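Observations on the three-dimensional arrangement
Listed below are the residues making up each chain.
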Amino acid sequence: MASTEIARQAGEGARAVPLSGHVGFDSMPDQLVNKSVNHGFCFNILCVGETGLGKSTLMDTLFNTKFEGEPTQHNQPGVTLKSNTYELQESNVRLKLTVVNTVGFGDQINKEDSYKSIVEFIDAQFEAYLQEELKIKRTLHSYHDTRIHACLYFIAPTGHSLKSLDLVTMKKLDSKVNIIPIIAKSDAISKSELAKFKIKITSELVSNGVQIYQFPTDDESVAEINSTMNSHLPFAVVGSTEEVKIGNKMVKARQYPWGTVQVENENHCDFVKLREMLIRVNMEDLREQTHTRHYELYRRCKLEEMGFKDTDPDSKPFSLQETYEAKRNEFMGELQKKEEEMRQMFVQRVKEKEAELKEAEKELHEKFDRLKKLHQDEKKKLEEKKKSLDDELNTFKQKKTAAELLQNQAQQAGGSTTLKRDKERKNFF
Amino acid sequence: MSESTKPHHPPPQGKGEKSHGSDFSYVGIDAILEQMRRKAMKQGFELNIMVVGQSGLGKSTLMNTLFKSKVSRKSVQPDPEERIPKTIEIKSISHNIEEKGVRMKLTVIDTPGFGDQINNENCWQPIMKFINDQYEVYLQEEININRKKRIPDSRVHCCIYFIPPTGHCLRPLDVEFMRRLSKVVNIVPVIAKADTLTLEERDYFKQTIREELRANGIDVYPQKEFDEDPEDRVINDKIREMIPFAVVGSDHEYQVNGKRILGRKTKWGTIEVENIAHCEFAYLRDLLIRTHMQNIKDITGSIHYESYRVRRLNESNALFTTVSSDHVLQPKTNGQSEEQLGAPQANGVAAQHEALSHEM
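Analysis parameters
Residues numbered from 1 in each chain as written. Chains lettered and ligands numbered in written order. Predicted model: local features only at pLDDT ≥ 70, side-chain atom pairs only at ≥ 80, totals over all residues. Heavy atoms only, no water. Helix = DSSP H or I, 4+ residues; strand = E, 2+ residues; numbered from the N terminus. Buried < 20%, exposed > 50% of the residue type's maximum accessible area, 1.4 Å probe, protein only. Areas by Shrake-Rupley, 256 points an atom, 1.4 Å probe, with all protein chains shown as cover. Pairing = 2+ DSSP bridges. Axes fitted to C-alpha atoms, helices over the stretch in contact; angles between N-to-C directions. Patch = residues over 30% accessible without salt bridge, like charges linked within 9 Å, V, L, I, M, F, W, Y side chains within 5 Å. Salt bridge = Lys/Arg side-chain N within 4 Å of Asp/Glu carboxyl O. Lys, Arg positive; Asp, Glu negative; His and termini not counted. Charge placed at Lys NZ, Arg CZ, Asp CG, Glu CD. Contact = heavy atoms within 4.5 Å. Disulfide = S-S within 2.5 Å. Core = buried A, V, L, I, M, F, W, Y, C linked by side-chain atoms within 4.5 Å. Phe/Tyr/Trp six-rings, centres within 6.5 Å; stacked < 30°, edge-to-face > 60°. Lys NZ or Arg CZ within 6 Å of the ring centre and 35° of its normal. Polar contact = N/O pair within 3.5 Å; in protein donor to acceptor, adjacent residues only side chain to side chain.

Counting secondary structure elements, chain B contains 10 helices and 10 strands. Counting across all 360 residues of chain B, residues that qualify as buried make up 55%. Split by element, the accessible area of chain B, about 16,400 Å² in all, is 53% carbon and sulfur.

Residue and element names in this part refer to chain B. Across the sheet, which stays open at both edges, the 3 strands sit in the order β8-β9-β10 with antiparallel pairing between neighbours. On the outer flanks of this sheet lie β8 (253–256) and β10 (269–272), each paired with one strand and no other. Within the sheet, the average angular offset between the axes of one strand and its neighbour, ignoring direction, is 65 degrees. One ladder, built from 4 bridges, connects β8 with strand β9 (residues 259–266); its direction is antiparallel. Bridge pairing in β9 links Tyr254 to Ile261.

This part covers the sheet that holds strand β9 (residues 243–246) of chain A. All names here are of chain A. The strand order β9-β10-β11 describes an open sheet built from 3 strands, whose pairing is antiparallel. Across the chains shown, the open sheet's two edge strands, defined by having one partner strand only, are β9 and β11 (259–262). Going from strand to strand, the sheet's axes swing by 65 degrees on average, the running direction of each strand aside. Where β9 meets strand β10 (residues 249–256), 4 bridges bridge the pair, whose relative direction is antiparallel. Bridging across to β10, Lys245 finds its partner in Met250.

Residues and elements named next belong to chain A. Where like charges cluster on the molecular surface, the negative patch consists of Glu352, Glu356, Glu359, Glu363, Glu366 and Asp369. You can see Asp369 is positioned in helix α9 (residues 316–412). Classification of Asp369 as partly exposed rests on a relative accessible area of 47%.

Below, the discussion takes up the side chain of Asp123 of chain A. All names here are of chain A. Of note, Asp123 is situated in helix α3 (residues 114–134). Under the relative-accessibility criterion, Asp123 is labelled buried at 19%. Apart from residues no more than four positions distant in its own chain, Asp123 is found in contact with Lys176 and Tyr298.

Residue and element names in this part refer to chain A. Summed over all chains, the structure comprises 0 disulfides over all chains. Summary of cysteine pairing: Cys269 is not part of a disulfide, and the nearest cysteine sulfur, belonging to Cys47, is at 16 Å. The class of Cys269 is buried, set by a relative accessible area of 4%.

Residue and element names in this part refer to chain B. Under the criterion given, the structure shown has 44 salt bridges over all chains. For Asp174, the salt bridge goes to Arg171, with nearest N and O atoms at 3.0 Å. Of the residues examined, Arg171 reaches a relative accessible area of 22% and is grouped as partly exposed. Linked through salt bridges whose partners overlap, the residues forming this network are Lys68, Glu274, Arg285, Asp286 and Arg290.

Further remarks concern the nonpolar core. Core analysis: the biggest nonpolar cluster contains 88 residues, and Phe63 and Leu278 of chain A have the highest contact counts within it. Here this core takes 9 residues from α3 of chain A, the largest share from any one element. Grouped together as the second largest cluster of nonpolar side chains are 86 residues, Leu57, Leu66, Ile90 and Phe205 of chain B included.

This next bit is on helix α2 (residues 55–63) of chain A. In an α-helix, one turn spans 3.6 residues; hence positions three or four apart end up facing the same way. Residue and element names in this part refer to chain A. The element α2 is largely enclosed, with a buried count of 7 among its 9 residues. Those residues of α2 lying buried are Lys55, Leu58, Met59, Asp60, Thr61, Leu62 and Phe63. Phi turns positive one or two residues past the end of α2, at Asn64, with a value near 60 degrees.

Bringing the packing of aromatic side chains into the picture now. All names here are of chain A. Counting across every chain of the model gives 15 aromatic pairs over all chains. Relative to Trp258, the ring of Tyr256 has its centre 5.0 Å away and its plane inclined at 5 degrees; by these criteria the two rings are stacked. Since its relative accessible area comes to 22%, Tyr256 is described here as partly exposed. When the ring centre of Tyr295 is taken as reference, the NZ or CZ atom of Arg147 above it lies at 4.8 Å.

As a further point, take unusual backbone geometry. A cis amide bond links Tyr221 of chain B with the next residue in sequence, Pro222 of chain B, at an omega value of -5 degrees. Within the secondary structure, Pro222 of chain B sits in the loop between α6 (199–215) and α7 (230–242). Of note, the bond from Ile243 of chain B into Pro244 of chain B is cis; its omega dihedral lies within 30 degrees of zero at -10 degrees. Despite not being glycine, Lys185 of chain A shows a phi value in the positive range, around 50 degrees. Assignment of secondary structure puts Lys185 of chain A in the loop between β7 (179–183) and α5 (191–207). For Lys185 of chain A, a relative accessible area of 41% translates into the label partly exposed. In this model, Lys100 of chain B sits at a positive phi of 50 degrees, which is unusual for a non-glycine residue. Its location among the elements puts Lys100 of chain B in the loop between β3 (89–99) and β4 (102–110).

So, about the side chain of Arg240 of chain B. All names here are of chain B. By secondary structure assignment, the location of Arg240 is in helix α7. Accessibility expressed as a relative area gives 12% for Arg240, which makes it buried. From its side chain, Arg240 meets the backbone oxygen of Pro222 in a polar contact 2.7 Å long. A distance of 3.5 Å separates the side chain of Arg240 from the backbone oxygen of Gln223, its partner in a polar contact. Excluding its chain neighbours within four sequence positions, the residues that come into contact with Arg240 are Arg210, Pro222, Gln223, Lys224, Asp227 and Arg233.

Next comes the structure, spelled out in C-alpha cells:
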C-alpha cells in the first residue's frame, strides 16, 4: 500500500512562461461572457426620495419603458418599500431589473423613523443571500440576487442645501449600499444656482462623512471618464417620457411656455451622464462593490453577532458548528424556560378564574335560597289568609242556613207568633 | 412587499448603435458585456489541470504541447534523471502565461509514481486526498468571517487520465481509478501515444473503452447530466462520440511542406500533432482550452465542490448531535471515509440532520 508523499512546488512563486505559439485561451473572456449571457443578468436599483420628485419618471426615461404604477398619494402613515421586477432585453442581453421605490418618504410629520424601513429592507436582502449561502444544499448558481446594487438618492431642488432628513438617511445608508445622489427636477434651478448648489451639497456630504459611490478609476480604459464624472456629482437630472419635435427629430423633453428642456441634451441636464455612468460604464462595478464590500461587511457583522469567531485554523469548521450548537442549546433552554413560565402563569390564571366562578356560584345559590324562602313565607301567609277567609265564609254560610231554617220554622208555626217572631227577629238581628 | 411581474413591454430593441443622440431606444444594457470582459481581463484566470497516468506515457510532453511552453514538471525540475518514485508523489507547479492581454495562472499537477508499483492497490487514494484537500482549503476560506475579496482557487478543475495504448480494453486499474475519481473531479480520458495504433485499431479501442465506461457507470467529462440546454447537448454529444481522444504530444518542430509544425519524426513518416487526420490532439486542445474551459471550471465549482461541501457540513453536524443518535449511518460508497479529516465516527451522510443543518 503506497504511502503518500505530497510535495508542492512554487505555489506562490509562479514563474512567468513565454508561449511559443497560439494556445487559444484568449477566448476565455468570450467564454465567460457567453456563459453570462446565457444566464442573464440582474440589477437592482433603489430609489429613495420624497414623493413627487419624479422617481418613477426617471426610471422610465433611463430604461426607455413605461414601468407600471400610478403616482402615490401623500398621506402614507409610514415609509414602505415597493419593489417591482421587470425583464428587459437588448440585443442578446437579458436583464432582470428590479426597481424599488420608497413610498411615503418624507410625507410624515415626524420623520425620525423614515430611514429605518429602508435600512431594514436592504438588510433583509443581504440576509436572504446570506441564508442561501449558508445553506447546506444551496443553489447559488440560479439564485435570484435581490441585493440592492445602486441607490439613487433624489435631492429636492431647493437650491440651498441638503435637508436634514437627507443627511441622516444618507449617513445611515452609505455603509450598506452604493449611493449615487442626484438632484431631481433640476429644471427648476438656474445654471448658476445649480453650480453653487452642487458645491454646497458636496461639501455638506464631506463634512458629515457620508461616503457616496465613487466611480472606479483604477482601470485605464475608463479611469478618465470616471474621474471627470466624479467631479460632476451629484447629477442634476430631468426625466421625461414625452416626446417633443425639435428641428426634425423627436426628442424626450419637457415643454414649458418659455422653452423646452431636452432630457438628452448635455447642456440642459446631466441625464446622459447619469445613464452613461449607471448603465453603460459601471453596472458591473456596482454589482461587484455590492458583493465584495457591502455584503461582506454585513456578513461579517452578522456572523460576529451570532457568536462565530475565526479561531485557529484547525478547528474552524468545528468552531462554527460548536458555537452554533452551543447557541442552539442555549436558545432551546431559554425557550423551554419560557414555556414553563407561560404554563405556570396559565395554570395560575385558571385557578383564579375557577375560584372566582365558585364564588359567584355560591352567591347565586344563596340568592336562590333566599328567594325561595321569601316565596314560601308569602305562600304561607296567603294560605293563612285564605283559611281565615274560608272560615268566615263557612261561618257565614252556617249562619245563613240557620237563619233560613228558622225562617221556615217561623212560617210553619203560623201567623200568631208573628209578633213574637217579629220581636225574636228583632232580637235576633 | 415585492412583486415580480411577468415580462412587461420589452423596450424597442436597440440594435446596439453606440451613438447616443440618434437612437433613443438604445439604453445601453448590453454594455455590461464589455464591462464584464474588462473585469475578467483585469483579474486574470486560473486553471488547475492534473495529469494522471503511468510513467512513460508522455504526460509531460502533452502538457508542454497543449500550452506551447515548458510547463511540465520535468522542464522545471533541475533533476534530469528519470527515476520512478517509490511512492506516489503529487507535484504541482504554477505558471503565469499571457496571450493577447489575457493573463492566466496555470497550475499543472503531476502524479509521478501512479500505477508504477507492483502492488497498485489504493494508489488513487493520495490523489483523492489531494483533490479533497483543495476543496477543503477553499471551503475554509469561504466560511471564514473575514474572507478575501477573491478566494484563490486551487481546486483541481480537470484531470487528464492517460490510457496506455494496448488496443484491447481498459485495465482494472483504469476502471477503478476513473470510477472513483469521476465523482469528485472532471475526468478527461485520453489514449496516450496514439501513434502506435492504426486507425481501425484506434476506433475499435475507443469503442471498447466507451462501452466499458458505460458499463461501469463512469461519467467522464462532458457529463450527460450537466448539459444545460439542447444546443449544449448537441455539441456535447458530438464530443462524447469522440472520447477518449487519441493524442500524440511533441515539443519539437519539424519542417513539413515548407511550414514548421510540431510533430514526431520517424523513419516512416512525420506525425503532425495538430493535424486531425493524424491524431486528435487538436480536438483535445479545443475542448479543454478554446471552448469548454469555462464550463469545466463551472462544473467543478458548482457541482463537485458543492457536493463536497454538503458532505463535509453534514459530517460536522453528525459529530455534534446532542441527542443520542440511534440513527443508522450508512457507510460511504466511494472510499473517501479514510480521507476526511478528523471525522472518525461519522462515516456516512446523516440525512436526518438536514433540518438541523438547514437552519445554519
